[in-house]
Amino acid sequence: MGKVRNIIQTKGNAIYSVPSTVTVYQALELMFEKNIGALLVIDDDRDTCLMLNRFLTRQGFEVFEAYNGKKALDMLETVLPDLVMTDFRLGDMDGSEVV
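Computed from a predicted structure; not experimentally measured.

(A) Seen up close, the nonpolar core. Membership of the largest hydrophobic core comes to 13 residues, with the highest contact counts inside it found for Met31, Leu39, Val41, Leu56 and Phe61. Mapped onto this core, the elements with two or more residues apiece are helix H1 (24-33), strand S3 (38-42), helix H2 (46-58) and strand S5 (83-87). Not counting residues up to four positions away in its chain, the partners in contact with Val41 are Cys49, Leu52, Leu56, Val63, Phe64, Glu65, Ala66 and Met85. If you look at the next biggest cluster of nonpolar residues, it comprises nine residues, including Leu40, Met75, Leu90 and Val98.

This is the structure in structure tokens:
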């Protein structure tokens, strides 16, 4: 799997900035450690969302997807994930703006 270049936010407003040197598996270990159950993946690349969704679902996580910042913000009105994983550059806004 590739490297993670995302911001991870958990409940309680704790924000973890994951550097590009962290692998997906290392990020997964962090998620298990923090007892994450449901997460929202935000990426304007639908293939990346699909890949992460399939991988994380197989690991036992409930995964929601959004393909842009506006869709993510709309989704967060009704879905309360334990974690938000976002690409930094989205088509309509910056990933940190969503977080």
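(B) Fine view of the pattern of salt bridges. Taken as a whole, this structure holds one salt bridge when the rule is applied. We note a salt bridge from Asp74 to Lys70, for which the minimum N-O separation is 3.0 Å. Here Asp74 and its partner Lys70 are both found in helix H3 (residues 69-75), four residues apart, which amounts to about one turn of the helix.

(C) Up close: the packing of aromatic side chains. Scanning the entire structure with this criterion turns up zero aromatic pairs. Positioned above the aromatic ring of Tyr67, the side-chain terminus of Arg46 is 3.9 Å from the ring centre.

(D) Representation of the pairing of strand S4 (residues 62-66). In this structure, S3 lies alongside S4, joined through five bridges in parallel fashion. Following the sheet pairing, Ala38 is matched in S4 by Glu62. Tracing the backbone out of S3, into H2 and back to the parallel element S4 gives a crossover that is right-handed.

(E) Structural detail: H2. Relative to the 18 Å expected for 13 residues at 1.5 Å per residue, H2 spans 18 Å between its end C-alpha atoms, a close match to the ideal helical length. Phi turns positive, to about 100°, at Gly60, one or two residues after H2.

(F) Spotlight on the side chain of Glu65. Along the chain, Glu65 turns up in strand S4. For the buried Glu65, no salt bridge exists, and the shortest N-O distance to an oppositely charged side chain is 6.8 Å, to Arg46. Here the side chain of Glu65 touches Asn53 through a polar contact of 2.5 Å, side chain to side chain. Within the structure, the side chain of Glu65 is placed 2.7 Å from the side chain of Tyr67, a separation counted as a polar contact.

(G) Representation of the side chain of Asp43. Relative to the elements of secondary structure, Asp43 occurs in the loop between S3 and H2. By relative accessible area, Asp43 is classed as buried at 9%. When neighbours within four sequence positions are excluded, Asp43 is seen to be in contact with Thr48, Cys49, Ala66, Tyr67, Asp87 and Leu90.

About the criteria used
Residues numbered from 1 in each chain as written. Predicted model: local features only at pLDDT ≥ 70, side-chain atom pairs only at ≥ 80, totals over all residues. Heavy atoms only, no water. Core = buried A, V, L, I, M, F, W, Y, C linked by side-chain atoms within 4.5 Å. Buried < 20%, exposed > 50% of the residue type's maximum accessible area, 1.4 Å probe, protein only. Helix = DSSP H or I, 4+ residues; strand = E, 2+ residues; numbered from the N terminus. Contact = heavy atoms within 4.5 Å. Salt bridge = Lys/Arg side-chain N within 4 Å of Asp/Glu carboxyl O. Phe/Tyr/Trp six-rings, centres within 6.5 Å; stacked < 30°, edge-to-face > 60°. Lys NZ or Arg CZ within 6 Å of the ring centre and 35° of its normal. Pairing = 2+ DSSP bridges. Right-handed = clockwise from strand over helix to strand, strands pointing away. Expected span 1.5 Å × (residues − 1). Lys, Arg positive; Asp, Glu negative; His and termini not counted. Polar contact = N/O pair within 3.5 Å; in protein donor to acceptor, adjacent residues only side chain to side chain.

By themselves, these figures tell us nothing about what the structure is for.
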